[in-house]
Amino acid sequence: MTAADIRLSTPADIAATHRVWRAAVDATHGFVAAADIAFYEHLLTTLYLPHKPQWLALSPTGEVQGFIGLEGPKIEALFVHPTWHRHGVGRRLITHAVALNGRLMVDVNAQNPGAVEFYAALGFMEIGRSPVDQAGKPYPLIHMARV
């Protein structure tokens, strides 16, 4: 794979990016209540995706495999379609983010051990915890940084 396999999203990518998010959440976020998924999905589709370009990982045929949203060194979102889990897509996106920013930070759901292990394997270390997420919902976060 080359750097050409990662590009910034355009408004035409919103539907595909949303599909990746939904499939990834359905596969990995069983701990989140259905009403809360609907809440986050509304924020994603009305505020986040239309106004914040994402870096997209693309398959050789141009399919969106996953995406990463960055706010400077902070990873705001990283989702990979379950079809592409364990195929290096997340690692590719992190490598791209490191090339852009060097040091990275991320908040990871403590109830998602696969995500915690993924980031730890890529050199992220725990630097703190919060009992609730950014929306004040009961999903504890582990704050991690890669230096």
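Just so we're clear, the structure is a prediction, and the values are computed from it rather than from any experiment.

What counts as what
Residues numbered from 1 in each chain as written. Predicted model: local features only at pLDDT ≥ 70, side-chain atom pairs only at ≥ 80, totals over all residues. Heavy atoms only, no water. Phe/Tyr/Trp six-rings, centres within 6.5 Å; stacked < 30°, edge-to-face > 60°. Buried < 20%, exposed > 50% of the residue type's maximum accessible area, 1.4 Å probe, protein only. Lys NZ or Arg CZ within 6 Å of the ring centre and 35° of its normal. Salt bridge = Lys/Arg side-chain N within 4 Å of Asp/Glu carboxyl O. Helix = DSSP H or I, 4+ residues; strand = E, 2+ residues; numbered from the N terminus. Expected span 1.5 Å × (residues − 1). Contact = heavy atoms within 4.5 Å. Patch = residues over 30% accessible without salt bridge, like charges linked within 9 Å, V, L, I, M, F, W, Y side chains within 5 Å. Areas by Shrake-Rupley, 256 points an atom, 1.4 Å probe, with all protein chains shown as cover. Polar contact = N/O pair within 3.5 Å; in protein donor to acceptor, adjacent residues only side chain to side chain. Pairing = 2+ DSSP bridges. Right-handed = clockwise from strand over helix to strand, strands pointing away.

A. How the structure looks around the packing of aromatic side chains. Following the criterion strictly, the structure yields six aromatic pairs and no others. Taken together, a centroid distance of 5.3 Å and an interplanar angle of 70 degrees make the contact between Phe 39 and Tyr 40 edge-to-face. Accessibility expressed as a relative area gives 33% for Phe 39, which makes it partly exposed. Relative to Phe 124, the ring of Tyr 119 lies with its centre 5.1 Å away and its plane at 75 degrees, an arrangement referred to as edge-to-face. For Phe 124, a relative accessible area of 3% corresponds to the buried category. Members of the aromatic cluster, joined through ring pairs, are Trp 21, Phe 67 and Phe 79. Here Lys 137 stacks its cationic end above the ring of Phe 39, 4.5 Å away from the centre of that ring.

B. Fine view of the pattern of salt bridges. Inspection of every chain in the model, using the stated rule, returns seven salt bridges. For Arg 22, the salt bridge is made with Glu 41, and the minimal N-O distance between the two is 2.7 Å. Residue Arg 22 is found in helix H1 (residues 14-28), and its partner Glu 41 is found in helix H2 (residues 34-51); the two are separated by 19 residues along the sequence. On the basis of relative accessibility, which here comes to 30%, the residue Arg 22 falls in the partly exposed class. Exposure remark for Glu 41: the relative accessible area of 16% places this residue in the buried category. Among the charged side chains, a network of salt bridges with common partners joins Arg 22, Asp 26 and Glu 41.

C. Structural context of H1. Look at H1: 21 Å from first C-alpha to last across 15 residues, which is about the 21 Å you get at 1.5 Å a residue. Buried within H1 are the following residues: Ala 16, Thr 17, Val 20, Trp 21, Ala 23, Ala 24 and Val 25. Contact partners of the buried residues in H1: H2, strand S2 (55-58), strand S3 (64-71) and strand S4 (74-80).

D. Structural context of a nonpolar patch on the surface. The grouping of Phe 39, Leu 43 and Leu 47 at the surface amounts to a nonpolar patch, some 240 Å² of accessible area in total. Relative to the helices and strands, Leu 43 is located in helix H2.

E. Region of interest: the environment of Arg 7. Checked against the element boundaries, Arg 7 lands in strand S1 (residues 6-8). Counting along the chain gives 49 residues from Arg 7 to Leu 56, while the straight-line C-alpha distance between them is 5.4 Å. Setting aside its immediate chain neighbours within four residues, Arg 7 contacts Asp 13, Gln 54, Trp 55, Leu 56 and Leu 58. A polar contact of 2.8 Å, which involves the side chain of Arg 7, links it to the side chain of Asp 13.

F. Quick peek at the pairing of strand S5 (residues 104-109). As judged from the two bridges shared by S4 and S5, these two strands associate in the parallel manner. Its bridge partner lying in S5, Lys 74 is registered against Met 105. The β-α-β motif built from S4, the intervening helix H3 (residues 89-101) and the parallel element S5 has right-handed crossover chirality. Bridging between S5 and strand S7 (residues 141-146) involves six bridges; their strand directions are antiparallel. Paired with Asp 107 across the strands is His 143, a residue of S7.

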